[in-house]
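Commentary on secondary and tertiary structure
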Amino acid sequence: MGKTTVASAVLHDPRVISVYRIRYFISCELAPTVELLENRIADALSIPQANRGSNLTSVIVNKIRSGNCSVLLFIDNLETVWEVETEQAKVDRFLEMISTADSKIAILVTMRGAQEPKTSFPWDSTVLSGLNACDATTMYEAFSKRSTDASAQELLSKLGGTPLAIKLFAMLVKEGDKPSQLLSSWNIHGTGTLEIGGKHKLSSLEQSIHLSVFSPRIDDNTRLVLSLIAHMPDGLSTSTPWFEGFESILPDKLVLQPVLRSLRRAALLEESEEPSRWQMLPPIRQFCLRLLDPNSPTLISLVDLYVNEVTQHYDYASSASQTIILPEMANIRSFLLHGSNLRPLPTSIGQASAAYAGWDS
């Protein structure tokens, strides 16, 4: 989320303009075939229909070569066509031909997820992660034309540095909404708060996340894993016993590691290093919390897992228990709160809550 926002800023950066005097924005939206993509580019280059012929790629290259300037093609949301199974190899060949045809041609591509086109040359890829607090504030103030008050700062912290979310927040403030009102709305309605008209992915945070979570590459089992991890404020630990326990409660003998890799490729999860955890950006987590029925059997099994572990490791003086419990305190609290609202109550929920209170003190 925020790919187009960031790439557009690159497209208009004076340093880029000094090298690429001619720059084209090509949207892949509603262009699910290479033929349609080629014609979008031909339209941008003002190539007449009569001159396009059967080998449009060559016509495009020759048109660019005929000029005296370096050209930057910005192809936005390439996944629209690249994720179509019958088109993927064609997209790769098209990009290969365009990129290697002339040194004057450069291509900037945005795609949902962490995968990249399969070409003979390496792509200089960047997977967008959250902006740091300083950059998030700078972006907010640039778009809103307002200084950052306490309410704005609190909501920015909840947005986790997500560029699209920050831009939509700033645009709403610029239109006249108060940061305090938007903060209150976020605490109640979550991602549905940030919308500036319509249900387009660039104007609605909810729609943008929905497109990623329900994309063709995310099947039901993968979405289930994502929804379960959303109930973990600190993400899924890769350490024992949490990772193995999480995998054990999944249906259909689902193998967890390939699912996590799929979610990473879709840019819905990222793995931190120290400590090693699978986590998601806060707005994605906010959205995914609503996907599972609170009484989902798999979610209840996960609650039972945490209840049993904290009940078993009640010895605060034990270094082994400390290693297991202390890093999971936020997740334990989340599942105990969820468990306390279930009926009937999970077995040992009272004992587990008492053990947690002892650890928390």
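Just so it is clear, the model here is predicted, and its values are computed rather than measured.

Concerning the overall build of the protein
Assigned secondary structure in the protein consists of 19 helices and 6 strands. Its C-alpha atoms give the protein principal-axis dimensions of about 75 × 50 × 35 Å. The buried share of the protein, reckoned over its 361 residues, is 45%. Taking the intrachain contacts of the protein between residues at least 6 apart in sequence as the baseline, contacts between residues at least 24 apart amount to 68%. Carbon together with sulfur atoms contributes 52% to the accessible area of the protein, which is approximately 17,700 Å² in total. Of note, the protein has its 32 positive side-chain charges centred 8 Å away from the centre of its 39 negative side-chain charges.

Section: the sheet that holds strand β1 (residues 22-27)
Sheet architecture is open: 3 strands sit in the order β1-β2-β3, paired in parallel fashion. At either end of the open sheet lies a strand with only one pairing partner, and these are β1 and β3 (105-109). Sheet twist, expressed as the average angle between the axes of neighbouring strands with direction ignored, equals 20 degrees. Judged from the 5 bridges that link them, strand β2 (residues 71-76) and β3 form a sheet pairing that is parallel. Bridging across to β3, L72 finds its partner in A106. Contacts from helix α3 (residues 34-44) reach β1 and β2, with the element oriented near 145 degrees to β1.

As for the side chain of T119
Tracing the backbone through its elements, the reader meets T119 in the loop between β3 and α7 (133-144). For T119, a relative accessible area of 17% corresponds to the buried category. Here W123 takes part through its side chain, which lies 2.9 Å from a polar atom of the side chain of T119. If near-sequence neighbours (up to four positions away) are discounted, T119 is found in contact with D92, L95 and E96.

Things to note about the nonpolar core
In this structure, F169, V225 and F246 are the most contacted members of the largest nonpolar core, which totals 69 residues. Here this core takes 8 residues from helix α9 (residues 163-175), the largest share from any one element. Beyond its immediate chain neighbours, meaning those up to four positions away, F169 contacts Y140, A152, L155, L156, L159, P179, L182 and L194. Among the nonpolar cores identified, the runner-up in size contains 26 residues, and C28, L37, V91 and M111 belong to it.

A word on the packing of helix α4 (residues 56-65) against helix α6 (residues 88-101)
For any two helices packed against each other, one specifies the crossing angle of their axes together with the interaxial distance. Two numbers describe how α4 lies on α6: the axes approach to 10 Å, and their chain directions differ by 20 degrees. Overall, the two elements α4 and α6 adopt an arrangement that is roughly parallel. In the crossing of α4 with α6, the sense of the turn from one axis to the other is right-handed. Note on element contacts: α6 touches α4 through F94, M97, I98 and A101, opposite T57, I60, V61 and R65.

Some thoughts on the packing of aromatic side chains
All told, the structure shown has 5 aromatic pairs when counted by the stated rule. On the basis of an interplanar angle of 80 degrees and a centroid distance of 5.0 Å, the ring pair of F25 and F74 is categorised as edge-to-face. Highlighted residues: F25 in strand β1 and F74 in strand β2, separated in sequence by 49 residues. Between the aromatic rings of Y306 and F335, the centroid separation amounts to 4.6 Å while the plane-to-plane angle is 35 degrees, which identifies the pairing as tilted. On the criterion of sequence distance, the pair formed by Y306 in helix α16 (residues 297-312) and F335 in helix α18 (residues 329-340) is long-range, its members being 29 residues apart. Looking at F335, the relative accessible area reads 2%, which means it is buried.

Some points on unusual backbone geometry
In the segment running from T240 into P241, the intervening peptide bond is cis, with an omega of 5 degrees. Residue placement: P241 occurs in the loop between β4 (236-237) and α13 (242-248). Going from R343 to P344, the amide bond is cis rather than trans, its omega being 0 degrees. Within the element layout of this structure, P344 appears in the loop between α18 and α19 (349-360). We note that K253 has phi near 50 degrees; this positive angle belongs to a residue other than glycine. Tracing the backbone through its elements, the reader meets K253 in the loop between α13 and α14 (256-265). The backbone phi angle of S348 is positive, close to 70 degrees, even though this residue is not glycine. Position of S348 among the secondary structure elements: in the loop between α18 and α19. Since its relative accessible area comes to 28%, S348 is described here as partly exposed.

What counts, and at which threshold
- Residues numbered from 1 in each chain as written.
- Predicted model: local features only at pLDDT ≥ 70, side-chain atom pairs only at ≥ 80, totals over all residues.
- Heavy atoms only, no water.
- Helix = DSSP H or I, 4+ residues; strand = E, 2+ residues; numbered from the N terminus.
- Buried < 20%, exposed > 50% of the residue type's maximum accessible area, 1.4 Å probe, protein only.
- Contact = heavy atoms within 4.5 Å.
- Areas by Shrake-Rupley, 256 points an atom, 1.4 Å probe, with all protein chains shown as cover.
- Lys, Arg positive; Asp, Glu negative; His and termini not counted.
- Charge placed at Lys NZ, Arg CZ, Asp CG, Glu CD.
- Pairing = 2+ DSSP bridges.
- Axes fitted to C-alpha atoms, helices over the stretch in contact; angles between N-to-C directions.
- Polar contact = N/O pair within 3.5 Å; in protein donor to acceptor, adjacent residues only side chain to side chain.
- Core = buried A, V, L, I, M, F, W, Y, C linked by side-chain atoms within 4.5 Å.
- Parallel < 35°, antiparallel > 145°, perpendicular 65-115°, else oblique.
- Left-handed = near helix turned anticlockwise from the far one by under 90°.
- Phe/Tyr/Trp six-rings, centres within 6.5 Å; stacked < 30°, edge-to-face > 60°.

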